[in-house]
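# Structural characterization, general
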Amino acid sequence: MPLHSNVKRVTTHVLHAMKLKGEKIAMLTAYDYSFARLLDQAGVDIILVGDSASNVMAGFETTLPITLDNMIYHAASVVRGTSRALVVVDLPFGTYQGNSKEALASAIRIMKETGASAIKLEGGVEIKESVERILSAGIPVMGHLGLTPQAIHKFGTYVVRATDKKEADKLKSDAQELAKTGCFAIVLEKIPAKLAGEVSGSIHIPTIGIGAGAEVDGQVLVLHDMLGITQEFSPRFLRRYHNLQAEIKGAVQNYIADVRSVKFPNENEQY
Ligand code: KIV
């Protein structure tokens, strides 16, 4: 029987066992109670409270403006809607890059105030000391390499990362280092599929890809993108499983028309 159909609660140990058995891991983002509940009931393994909330919930152009307080509000709501999936929360920009003490304090606030099970942060060897300090407090850490959106102003563009040897070699050694340090998984974002496959084969912890091909241990998409709530963002890697934007607009237009023509409420919809 597949592991994922047999667990009441997904833990980092379950994810590790899934990698060993070759079972793919399904991860999606969520930012609120209602969607988290639906995703959890549908059987997703990991819910990421991503700092993409900055884009899809708050309407900012980048992930940089979202605050730790904002993330805690979203994450606590998600945790209340979840009983099976592992909930991972992004440490937002500016809450861990300064030093490892600050990183630990941010991670502790997330764990204490949300009830989540793990945190995620972006970067390689540069953040190793912070990762070690957070891990030493007993907090599971997920890494994130490749296109790391908090560094968008350094990259200058959202194009595929690590296409040249130098960046690919650094990414490989960062992945090794994060795995050795004790991260329980690593997100690989928008890198060549071949490189992602090599990295996945070279480390003992699961890799979760987004725009990183099929040779990784799991996949993640931003919920609002895969449901078609957002339509402006259309990278090649994004598969839309629904066109909710059209459905929601249609439903709202029907409601407006019914209100204006006094078709709503009808006799059965009043007291
Ligand atoms: O913030 C986010 O949604 C993410 C995913 C794209 C992996 O980090």
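Residues numbered from 1 in each chain as written. Predicted model: local features only at pLDDT ≥ 70, side-chain atom pairs only at ≥ 80, totals over all residues. Heavy atoms only, no water.

Moving on, we come to the environment of Q97. The topology assignment puts Q97 in the loop between β3 (86-90) and α5 (100-114). The class of Q97 is partly exposed, set by a relative accessible area of 36%. Between the C-alpha atom of Q97 and that of K112, which follows or precedes it by 15 residues, the distance is 21 Å. If sequence neighbours within four positions are ignored, Q97 has contacts with P92, E102 and Q150. Among the polar contacts listed, one links the side chain of Q97 to the side chain of Y96, at a separation of 3.5 Å. (Helix = DSSP H or I, 4+ residues; strand = E, 2+ residues; numbered from the N terminus. Buried < 20%, exposed > 50% of the residue type's maximum accessible area, 1.4 Å probe, protein only. Contact = heavy atoms within 4.5 Å. Polar contact = N/O pair within 3.5 Å; in protein donor to acceptor, adjacent residues only side chain to side chain.)

Backbone torsion omega between F264 and P265 reads -5 degrees, so that peptide bond is classified as cis. Residues other than glycine seldom take positive phi values, yet A162 does so here, at roughly 55 degrees. Along the chain, the position of A162 falls in the loop between α7 (152-155) and α8 (165-181). Positive phi, normally seen in glycine, also occurs at K190, with a value near 45 degrees. Topologically, K190 is positioned in the loop between β6 (185-189) and α9 (193-202).

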